[in-house]
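As a plain string of letters, each chain reads:
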Number of protein chains: 2
Amino acid sequence: MATNGVNGHAAEGAPPKPSHRFDPDFTRNVVENMGPATTERNRFVLGALVKHIHDFTREVELTMDEWMEGVKFVNQLGEIYTKSNHTRNETHRICDILGLESLVDEIAHKIIAEGDIDPTSSSILGPFWSPNAPFRELGESIMQDGVPPKGQVTKMHGVIRDIITGQPIPGAVFDIWQASANGKYDFQDPENQTPNNLRGKFRADANGRYELYCLHPTAYSLPRDGPSWQLLTMMDRHPMRPAHIHIMVTHPEFQGCTTQLYPNTDEWLTTDTVFAVKPDLVVDFKPLTGDAKGATLELEYNVNLAPKGYKGKL
Amino acid sequence: MATNGVNGHAAEGAPPKPSHRFDPDFTRNVVENMGPATTERNRFVLGALVKHIHDFTREVELTMDEWMEGVKFVNQLGEIYTKSNHTRNETHRICDILGLESLVDEIAHKIIAEGDIDPTSSSILGPFWSPNAPFRELGESIMQDGVPPKGQVTKMHGVIRDIITGQPIPGAVFDIWQASANGKYDFQDPENQTPNNLRGKFRADANGRYELYCLHPTAYSLPRDGPSWQLLTMMDRHPMRPAHIHIMVTHPEFQGCTTQLYPNTDEWLTTDTVFAVKPDLVVDFKPLTGDAKGATLELEYNVNLAPKGYKGKL
């Protein structure tokens, strides 16, 4: 080839200019090192992961120091998880502030309904859901420890419906959890809250109705003393989540819905630090007078579930 | 647009097919959430990181369960690091088996020399280097605990040279570390090895020469009881590293070289589980007879360093 003049450089004795600044075979070698017993899904997911990690690394020409900072950062995540006795999941939180949990949620729950009723949009679970929340009676309060200072009592109610038939779903479980008026969840705040304060599960009645008392939610900051705060600082971002109530609504015959509801008056709606706000999740808390249990606000919220196996128009 | 017939679907009342299955603005919103005080480099690196994480996630349509497995996996990495008192760095090892450390190393050390002498190729540091290795006298052995069972004593020597002038570099520090004949480094093997066994630093003489006694290295397996073994199993890959000797050669006026040397007889050279073998690092251990200190093998290896600031032809 060097003697036939097709490659001008080679004919003149200089090596041809490489088309790729770095070893062009390296990534393929790593991916193809996977053996025949890898599952199809693992080959696909891990192969794509390796390609993106390598492309990112070449694209930014990641330095040794930056890579080592990254290794330290990852180790810090698991160190906090370990030392907090598995209650502080900064790894989960890092995924949230990078938008990853919201994106996975979008991928998992994209349904465009064929009927008139849209399914309730999902939103991220976040790190504060507990599998141990107790069942409470319809009409009860989740304020197990009473109304906290500055807390505004809200009567919340609605119907859980089937998006296909529009019919109520009796027996659906409405699981709700929220931070207290100081912006902290029970397990972040053992000095002020007993376990399961501001958590509860309610079983919808024969008409698919639920009713409970909760707090108007309060905006809060992510913790400012760990790796996620370090990352937010590097990105010059605020750590605020808009005020929200978490709900998870389930029934054996329906696709569950995990989501969050946001008061329409919140100042952080458009810059939520975990990118979890969607338009149909922004709600109106209305003034209420004369409530027997002292609520000064009312929130009516209906939840629409798709039957299991329903894929919608996509 | 719907009435002019350009888009057939729209003219017939159906919505136009989205060009992007998921929210096309999501990733840009996350990236643009970075504030004005982010450094240029952080904006560039973290922006690229977010884009690649999101692209990967959409490309494979990562499921909630897969993402949660990933979160658990990352937490396990830091948990092992914490519980091993920071001696077992599985995060570093995961980077190695994904080829990331080798790639970062390639990016950091790509020099094409202008003169006749090529600089010694670098290779990855790995998780076993120690800052505490003692200085030893030229001609001494690093086998502080004596020759282990099945160990083959090797006399290793060479010259450390300047790639520009070809002149020796007196006073250069030659730092060497290796696993014992059982495949374990000192801090993995406290029952058989004292701290700093098979580690040592040597200062080159006035002629840039170093000389020492070490072991012919032994191939070994990465640990088979942690997250990196779990990942290798998912990928149906073997955990073997070819036999190697680690070296790190430094001098205040030269660019340091961290690398590994591999016997040319090793069976794992082409499938190294951390992708760290390069052709000029594969060496020939020659038989030796009559050595006063009992070596039965000889390895001559010259190291070529580039002066600080030298960029070569790139």
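What you see is a predicted model, and the numbers here were worked out from it, not measured in a lab. (Residues numbered from 1 in each chain as written. Chains lettered and ligands numbered in written order. Predicted model: local features only at pLDDT ≥ 70, side-chain atom pairs only at ≥ 80, totals over all residues. Heavy atoms only, no water.)

A look at the sheet that holds strand β9 (residues 282–283) of chain A
All names here are of chain A.
And step 1. The strand order across the open sheet built from five strands is β3-β2-β7-β8-β9, with neighbouring strands paired in mixed fashion. The open sheet is flanked by β3 (199–203) and β9, the only strands paired with a single partner.
And step 2. Note: strand β8 (residues 257–263) against β9, two bridges, orientation parallel. Each bridged residue has a counterpart across the sheet, and for Tyr262 the counterpart in β9 is Val282. (Pairing = 2+ DSSP bridges. Helix = DSSP H or I, 4+ residues; strand = E, 2+ residues; numbered from the N terminus.)

Structural notes on the domain arrangement of chain A
And step 1. Per the domain assignment, the segments of chain A are domain 1 (1–62) and domain 2 (90–305).
And step 2. Using only C-alpha atoms to locate each centre, domain 1 of chain A and domain 2 of chain A end up separated by 47 Å. (Domains from an automatic or database assignment.)

Some thoughts on the packing of helix α4 (residues 64–83) of chain B against helix α5 (residues 90–97) of chain B
Residue and element names in this part refer to chain B.
And step 1. Packing of α4 against α5 brings their axes to within 8 Å, and their N-to-C directions diverge by 125 degrees. Between α4 and α5, the angle falls in the class oblique. Residues Phe73, Leu77 and Ile80 of α4 form the contact with α5, whose own contacting residues are Glu90, Thr91 and Ile94. (Axes fitted to C-alpha atoms, helices over the stretch in contact; angles between N-to-C directions. Parallel < 35°, antiparallel > 145°, perpendicular 65-115°, else oblique. Contact = heavy atoms within 4.5 Å.)

A few points about the pairing of strand β11 (residues 297–300) of chain A
Residues and elements named next belong to chain A.
And step 1. A one-sided burial pattern is seen for β11, the buried positions being Leu297 and Leu299 and the unburied ones Glu298 and Glu300.
And step 2. Sheet topology note: the strand β1 (residues 153–162)/β11 ladder contains four bridges and is parallel. Across the sheet, the residue bridging to His157 is Glu300, located in β11.
And step 3. Sheet topology places strand β10 (residues 286–287) next to β11; two bridges connect them, and they run antiparallel. What sits directly across from Pro287, in β11, is Leu297. (Buried < 20%, exposed > 50% of the residue type's maximum accessible area, 1.4 Å probe, protein only.)

Remarks on the UniProt feature "domain: Intradiol ring-cleavage dioxygenases" (unreviewed entry) in chain A
And step 1. Annotation from UniProt places "domain: Intradiol ring-cleavage dioxygenases" (unreviewed entry) at residues 125–306 of chain A.
And step 2. Here residues 125–306 of chain A runs as 4% helix and 30% strand, with 19 Å between its end C-alpha atoms. (UniProt positions renumbered as here; feature names shortened; annotations may be inferred.)

Let's talk about the sheet that holds strand β7 (residues 245–251) of chain B
Residue and element names in this part refer to chain B.
And step 1. Spatial strand order, β3-β2-β7-β8-β9: five strands in an open sheet with mixed pairing. The open sheet has two edge strands, β3 (199–203) and β9 (282–283), and neither has a second partner.
And step 2. Where strand β2 (residues 173–177) lies against β3, five bridges are found, and the strand directions are antiparallel. By the bridge assignment for β3, Val173 is matched with Arg203.

Some details on the relation of the copies chain A and chain B
And step 1. Aligned on chain B, chain A shows an RMSD of 0.0 Å; the corresponding rotation is 180 degrees and the shift along the axis is 0.0 Å. The superposition operator between the copies reduces to a two-fold rotation axis. By C-alpha distance to the rotation axis, the residue of chain A lying nearest is Gly78 of chain A, at 1.8 Å.
And step 2. Looking at chain A, 100% of its interface residues are interface residues in chain B too, so the copies touch through the same face. (Least-squares fit on C-alpha atoms with pLDDT ≥ 70 in both.)

Describing the pattern of salt bridges
And step 1. What the rule picks out here adds up to 26 salt bridges over all chains.
And step 2. Taking the shortest distance from any N to any O, the salt bridge between Asp25 of chain B and Arg28 of chain B comes out at 3.5 Å.
And step 3. For Asp25 of chain B, a relative accessible area of 33% gives the class partly exposed.
And step 4. Judged by relative accessible area, which is 45%, Arg28 of chain B ranks as partly exposed.
And step 5. A salt bridge links Asp55 of chain B to Arg58 of chain B, with the nearest nitrogen and oxygen atoms 3.1 Å apart. Taken together, the positions of Asp55 of chain B and Arg58 of chain B, both in helix α3 (residues 40–60) and three residues apart, correspond to about one turn of that helix.
And step 6. The network of salt bridges with shared partners includes Arg88, Glu90, Arg93 and Asp225 of chain A. (Salt bridge = Lys/Arg side-chain N within 4 Å of Asp/Glu carboxyl O.)

A few points about the environment of Leu215 of chain A
And step 1. Summarising the element assignment, Leu215 of chain A is placed in strand β4 (residues 209–215).
And step 2. With sequence-adjacent residues up to four places away left out, Leu215 of chain A is seen in contact with Met143, Pro148, Gly151, Gln152, Thr154, Gln178, Ala179, Ser180, Ala181, Leu198 and Ile245 of chain A.

Some details on empty space enclosed by the protein
And step 1. The final tally for this structure, using the stated rule, is two cavities of 30 Å³ or more.
And step 2. Roughly 100 Å³ of volume is contained in the largest cavity.
And step 3. Arg93, Asp96, Ile124, Gly126, Pro127, Phe128, Tyr220, Leu222, Arg241, His246 and Val274 of chain B together form the lining of the largest cavity.
And step 4. Tallied by class, the residues present in the lining of the largest cavity amount to six nonpolar, two polar and three charged.
And step 5. Of the volumes computed, that of the second largest cavity is approximately 80 Å³.
And step 6. In terms of lining, the second largest cavity is formed by Arg93, Asp96, Ile124, Gly126, Pro127, Phe128, Tyr220, Leu222, Arg241, His246 and Val274 of chain A. (1 Å grid on protein atoms, 1.4 Å probe; cavity = no way out; pocket = protein on both sides within 12 Å on 5 of 7 lines; lining within 4 Å. Points joined across faces, edges and corners; volume = space filled by probe spheres on them. Nonpolar A, V, L, I, M, F, W, Y, C, P; charged D, E, K, R; others polar.)

Describing the confidence of the model for chain A
And step 1. Residue-level pLDDT values for chain A average 90, and 91% of them are 70 or greater.
And step 2. Below pLDDT 50 for its whole length, residues 1–19 of chain A participates in seven contacts with residues either more than four positions away or in separate chains. (pLDDT = per-residue confidence, 0-100.)

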